[in-house]
Amino acid sequence: RVLRYDGNNICFNLIEHLDKLEDLYLAGEDIRNIPDAYFDFVKSRQKIRWWKKYGILPVYAAAKIRDKGFEFIPEHLSIKSRCGPALPCVLKIDEDLLQMFGLWLAEGCYDKNSVIIANEDEECRDVIVRVGEKLNINAKNHSDGVSLMLNSKALRFIMERVLGFSGDSFTKRFPAWVFDLPAERISDILRGYFSGDGHVSKFEIQARSSSLQLLKD
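In this text the structure is predicted, and so the values were computed from the model without any measurement. (Residues numbered from 1 in each chain as written. Predicted model: local features only at pLDDT ≥ 70, side-chain atom pairs only at ≥ 80, totals over all residues. Heavy atoms only, no water.)

**Q** Explain the sheet that holds strand E10 (residues 139–141) residue by residue, including any values.
**A** Strand order in the open sheet formed by four strands is E8-E9-E11-E10, with antiparallel pairing between adjacent strands. With one partner strand each, in any of the chains shown, strand E8 (108–110) and E10 form the two edges of the open sheet. The sheet shows a mean angle of 30° between the axes of neighbouring strands, taken without regard to direction. Of the pairings in the sheet, the one linking E8 to strand E9 (residues 114–118) comprises three bridges and is antiparallel in character. In the sheet register, Tyr110 faces E9, and the bridge partner there is Val115. Here helix H3 (residues 95–107) sits on the sheet in contact with E8, E9 and strand E11 (147–151), set at roughly 70° to E9. (Pairing = 2+ DSSP bridges. Helix = DSSP H or I, 4+ residues; strand = E, 2+ residues; numbered from the N terminus. Axes fitted to C-alpha atoms, helices over the stretch in contact; angles between N-to-C directions. Contact = heavy atoms within 4.5 Å.)

**Q** If you had to explain the sheet that holds strand E5 (residues 78–80) to someone new, which residues and values would you point to?
**A** In spatial order, the strands read E4-E3-E5-E6; together these four strands make up an open sheet with antiparallel pairing. Lying at the two open borders of the sheet, with one neighbouring strand each, are strand E4 (56–58) and strand E6 (87–88). As paired strands, E5 and E6 are joined by two bridges and run antiparallel to one another. What sits directly across from Ile79, in E6, is Leu87. Here helix H2 (residues 59–67) sits on the sheet in contact with strand E3 (25–27), E4 and E5, set at roughly 85° to E4.

**Q** I'd like a rundown of the nonpolar core, residues and numbers included.
**A** Membership of the largest hydrophobic core comes to 61 residues, with the highest contact counts inside it found for Leu26 and Phe101. The element contributing the most residues to this core is H3, with eight residues. (Core = buried A, V, L, I, M, F, W, Y, C linked by side-chain atoms within 4.5 Å. Buried < 20%, exposed > 50% of the residue type's maximum accessible area, 1.4 Å probe, protein only.)

**Q** Can you lay out helix H5 (residues 153–162) for me, pointing to particular residues and giving the numbers?
**A** Counting buried residues along H5, seven of its 10 residues qualify, which places the element largely inside the surrounding structure. Among the residues trailing H5, Gly164 stands out with phi positive, at a value near 85°.

**Q** Please set out the packing of H3 against helix H4 (residues 122–134) residue by residue, giving values where relevant.
**A** Running from N to C, H3 and H4 point in directions that differ by 125°, and their axes come no closer than 9 Å. As judged from the angle between their axes, H3 and H4 are oblique. Between H3 and H4 lies a crossing whose hand is left-handed. Between H3 and H4, the residues in contact are Asp96, Leu97, Gln99, Met100 and Leu103 and Cys124, Val127, Ile128, Arg130, Val131 and Lys134, respectively. A class-by-class count of the residues in the contact of H3 with H4 yields seven nonpolar, one polar and three charged. (Parallel < 35°, antiparallel > 145°, perpendicular 65-115°, else oblique. Left-handed = near helix turned anticlockwise from the far one by under 90°. Nonpolar A, V, L, I, M, F, W, Y, C, P; charged D, E, K, R; others polar.)

Structure representation (structure tokens):
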């Protein structure tokens, strides 16, 4: 696996992972300019006209068009659910996002359309809020009074299906791509994890988890 690195951030091109995101939509002006010949698998001409008029395309259709040889420019596109916020198709994995991933490994889960992290520490919650601001997602308090929610079906699918943040408290693992990060970026995700499940004593740093494999990682 080769990770694109711009000197500060790891970048994931989501166009390369459309097959894992078929419940979502691509959006952008470039969709208006896709030649009709690439839509030969679509029976409804009215549907094609609607997609082009509004610059939005179901990901399942975008994957077929990509496989026919059309080159999408990921920097010009975003990915979204039907009603949710749009996320960039070139997803930059910066310090805050890595820390949030670590917090999710420690104390996170998903519901149908959200990423949920249970943490009452103000610094940790600030990280989650900053991630939401960067991705145009409002961080909201969960009804449990402890957790923060990022209500984005697209972010949930990207984290779970593309980035590999999946499983429950007994089966979570660090995704394989994390081990290819530069040392300073690995420290970001570990900072988030230890902020959630770690403890510092006088002579040692400890972490606890219900997932043995996570601890082995």
